[in-house]
Amino acid sequence: MTKSASTSYKRLSFSLYLNYVVHGFGLLILAQNMTQLSKAWNQPLAVVSYVISGVGIGRLLAYLITGYFSDKLSRKFFVYLGMLCYFIFAIGIPFSKSIPLSYFLAILAGVANSALDAGTYTTFVEMGGGNGKYNVLLKAVISVGEFTIPLLVTLFSDLDAWFGWSFMVMAALILINAILLFPIKFPDKRVSDKEEKVEERPHSKKAKALTTVLFVIYGYLSMALMIWYTQWITLYGQQTLKFTDMQSHFLLSLYSIGSVIGVLLLFTLLGKNASETKIMIVMNVIATLSLLIIVLSKSLVVAEFGSLLFGFSAASGVMQTALTSFMRLYPTKTGFITGIFYFFGSIASFTVPIITGRLSIQSIKLAFSFDLLVGILSVLVVTIIAFLIKEFKLSNQFD
């Protein structure tokens, strides 16, 4: 790689990561402003919560479409599409007085998420010559946005300023980044359609089809594993383990700290070309064991250790690592694969609250403990994936 190309890629990486700081804003900004939006719309909090659900609808509607067309059109187009949708969302929500319009804008935020994913994950894989280590860092960058937005909302509230300023900060970052990104050239796609057409034996085709199904299932399980935990760990600490409110909330903080440590470890390992499938197996085994530690724990220190370990493993970017491995099966359809993978992850975000809600009727312990089953299934699925990829040599390498 030439010096100019290296500089260009660094600038491109900066802009792509900045988009995911904004995405971190987008994930929480509605929830952080629920009370203010309730007053602005003259509606109860339940209606605001209904509007927030539009983000998930937007993801489900758009993931397969944006993923498919990102392979046909340019990656840059979809990155800009995501930025535009988020910009309209950020500018529109504070001024909207209509619930239908606000719901549409929330759907647009979901579309923004899917468009950014379709353009960004594929770009980082192509930029890295097939290595997905840069995608893993997206987890940490999103956390920066999620950490910052509550502070901004609190700051404007303490200053008795208009709640919409937090949305304006989000819009300003998008506008600045759009200008920075405009002159930068995206990497060329690494694999042509002809290069992928390699003769496959019948049993290899069947193995590839089965592996594809398993990756799709893992897209659901890996997201469900994290959502299940983050939704119930605080209540589990309070009601089952009888910890104080502060101690129970700190369990989630330790999960976030563990996540950042895990991301840095995976970035280092993938940079040294460590086996993606081995990472998937080890991290899922650790995540399942850490859940077992928490379920069996009776003391605060043990539960805290288990929470830190769970964040380190389950939220380390192992989901993004699995996506990179999935992309290798279809190197000319990486955008579509991204769409499929996260489409099923989005389904998990809808179904897990429903499943756990019903389990919680019996007990909070039962609702939380069932995450162990998800962990065991995840270990089983990634182990079979690793076996199939190794046994049938399914993984295509990017040139």
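Let me sum up the structure you'll find in this document. If you're wondering where the values come from, they're calculated on a predicted model, not measured in any experiment.

1. Re a nonpolar patch on the surface
So, point 1. Among the surface-exposed residues, Ile65, Tyr68, Phe69, Leu73 and Phe77 lie close enough to one another that they form a single nonpolar patch of about 470 Å² accessible area.
So, point 2. Counting residues per element, the nonpolar patch draws most heavily on helix 3 (residues 45-72), at 3 residues.
So, point 3. On the basis of relative accessibility, which here comes to 49%, the residue Ile65 falls in the partly exposed class.

2. Quick look at the layout of surface pockets
So, point 1. Its boundaries defined by the atoms lining it, the largest pocket holds a volume of some 1,900 Å³.
So, point 2. In terms of lining, the largest pocket is formed by 50 residues, of which the most central are Leu27, Leu28, Glu146, Ile227 and Thr230.
So, point 3. Among the secondary structure elements, those contributing two or more residues to the lining of the largest pocket are helix 1 (3-32), helix 3, helix 5 (99-127), helix 6 (133-158), helix 9 (202-240), helix 10 (245-271), helix 13 (318-329) and helix 14 (334-360).
So, point 4. Looking at side-chain class alone, the lining of the largest pocket contains 27 nonpolar, 19 polar and 4 charged residues.
So, point 5. Lining of the second largest pocket is provided by 19 residues; of these, Ser275, Glu276, Thr277, Ile389 and Ser395 occupy positions nearest its centre.
So, point 6. At the level of elements, helix 11 (276-296), helix 13 and helix 16 (371-392) are the ones that each hand at least two residues to the lining of the second largest pocket.

3. Comments concerning the environment of Ser297
So, point 1. Tracing the backbone shows Ser297 in the loop between helix 11 and helix 12 (300-314).
So, point 2. A relative accessible area of 3% means that Ser297 is categorised as buried.
So, point 3. If we ignore the near neighbours within four places in the chain, the residues touching Ser297 are Leu241, Val302 and Ala303.
So, point 4. At 2.7 Å, the side chain of Ser297 forms a polar contact with the backbone oxygen of Ile294.

4. Observations concerning the pattern of salt bridges
So, point 1. By the definition in use, this model includes 3 salt bridges.
So, point 2. For Arg75, the salt bridge is made with Glu126, and the minimal N-O distance between the two is 2.7 Å. You can see Arg75 sitting in helix 4 (residues 75-92) and its partner Glu126 sitting in helix 5, a full 51 residues away along the chain. There is no split in this pair, since Arg75 and Glu126 are both buried.

5. A short note on unusual backbone geometry
So, point 1. Phi at Asn42 is positive, roughly 55°, even though this residue is not glycine.
So, point 2. Take Asn42: it is sitting in the loop between helix 2 (34-41) and helix 3.
So, point 3. The class of Asn42 is exposed, set by a relative accessible area of 67%.

6. Remarks on the packing of helix 10 against helix 12
Describing two packed helices takes the angle between their axes plus the distance from one axis to the other.
So, point 1. Relative orientation of the contacting elements helix 10 and helix 12 amounts to 35°, with a least axis distance of 6 Å. Judged by the twist between their axes, the crossing of helix 10 over helix 12 is right-handed. Across from Gln247, Phe250, Leu251, Leu252, Leu254, Tyr255, Ile257, Gly258, Ser259, Ile261, Gly262 and Leu265 in helix 10, the residues of helix 12 making contact are Leu300, Ala303, Glu304, Ser307, Leu308, Phe310, Gly311 and Phe312.
So, point 2. Class assignment for the residues of the contact of helix 10 with helix 12 results in 13 nonpolar, 6 polar and 1 charged.

7. Digging into the side chain of Lys139
So, point 1. Structurally, Lys139 is set in helix 6.
So, point 2. Of the buried charged residues, Lys139 lacks a salt bridge, with Glu146 as the closest side chain of opposite charge at 7.0 Å.
So, point 3. Contact partners of Lys139, with chain neighbours within four places excluded, come to Met226, Ser259, Val263, Ala315, Gly317 and Gln320.

8. Observations concerning the packing of aromatic side chains
So, point 1. Scanning the entire structure with this criterion turns up 26 aromatic pairs.
So, point 2. For the pair Tyr20 and Tyr121, a centre-to-centre distance of 6.4 Å together with 85° between the ring planes defines the contact as edge-to-face. Within this pair, whereas Tyr20 is found in helix 1, its partner Tyr121 is found in helix 5, the two being separated by 101 residues in sequence. Neither residue differs from the other here; Tyr20 and Tyr121 are each classed as buried.
So, point 3. Both rings, one in Tyr68 and one in Phe69, keep their centres 5.1 Å apart while their planes meet at 90°; by these two values the pair is edge-to-face.
So, point 4. Residue classification places Phe69 among the partly exposed residues on the basis of a relative accessible area of 38%.
So, point 5. Among the aromatic residues, those joined into a cluster by ring pairs are Tyr20, Tyr63, Tyr121, Phe215, Phe326, Tyr330, Phe341 and Tyr342.
So, point 6. Over the face of the ring belonging to Phe182 we find Lys76, whose NZ or CZ atom lies 5.8 Å from the ring centre.
So, point 7. Lying over the aromatic face of Tyr330, Lys208 brings its terminal NZ or CZ to 4.5 Å of the ring centre.

9. Details of the packing of helix 3 against helix 5
So, point 1. As a packed pair, helix 3 and helix 5 sit with axes 6 Å apart at the nearest point and diverge in direction by 35°. The handedness of the crossing between helix 3 and helix 5 comes out as right-handed.

10. Things to note about the nonpolar core
Note on soluble globular proteins: their nonpolar side chains tend to be buried together.
So, point 1. Counting residues in hydrophobic clusters, the biggest one holds 120 residues, and the most contacted among them are Leu30, Phe89, Met170 and Phe368.
So, point 2. It is helix 9 that provides the largest number of residues to this core, a total of 15 residues.
So, point 3. Contacts of Leu30, omitting those with residues within four sequence positions, involve Leu37, Ile52, Val55, Phe89, Ile93, Ala106 and Phe167.

What counts, and at which threshold
- Residues numbered from 1 in each chain as written.
- Predicted model: local features only at pLDDT ≥ 70, side-chain atom pairs only at ≥ 80, totals over all residues.
- Heavy atoms only, no water.
- Patch = residues over 30% accessible without salt bridge, like charges linked within 9 Å, V, L, I, M, F, W, Y side chains within 5 Å.
- Areas by Shrake-Rupley, 256 points an atom, 1.4 Å probe, with all protein chains shown as cover.
- Salt bridge = Lys/Arg side-chain N within 4 Å of Asp/Glu carboxyl O.
- Helix = DSSP H or I, 4+ residues; strand = E, 2+ residues; numbered from the N terminus.
- Buried < 20%, exposed > 50% of the residue type's maximum accessible area, 1.4 Å probe, protein only.
- 1 Å grid on protein atoms, 1.4 Å probe; cavity = no way out; pocket = protein on both sides within 12 Å on 5 of 7 lines; lining within 4 Å.
- Points joined across faces, edges and corners; volume = space filled by probe spheres on them.
- Nonpolar A, V, L, I, M, F, W, Y, C, P; charged D, E, K, R; others polar.
- Contact = heavy atoms within 4.5 Å.
- Polar contact = N/O pair within 3.5 Å; in protein donor to acceptor, adjacent residues only side chain to side chain.
- Axes fitted to C-alpha atoms, helices over the stretch in contact; angles between N-to-C directions.
- Left-handed = near helix turned anticlockwise from the far one by under 90°.
- Lys, Arg positive; Asp, Glu negative; His and termini not counted.
- Phe/Tyr/Trp six-rings, centres within 6.5 Å; stacked < 30°, edge-to-face > 60°.
- Lys NZ or Arg CZ within 6 Å of the ring centre and 35° of its normal.
- Core = buried A, V, L, I, M, F, W, Y, C linked by side-chain atoms within 4.5 Å.

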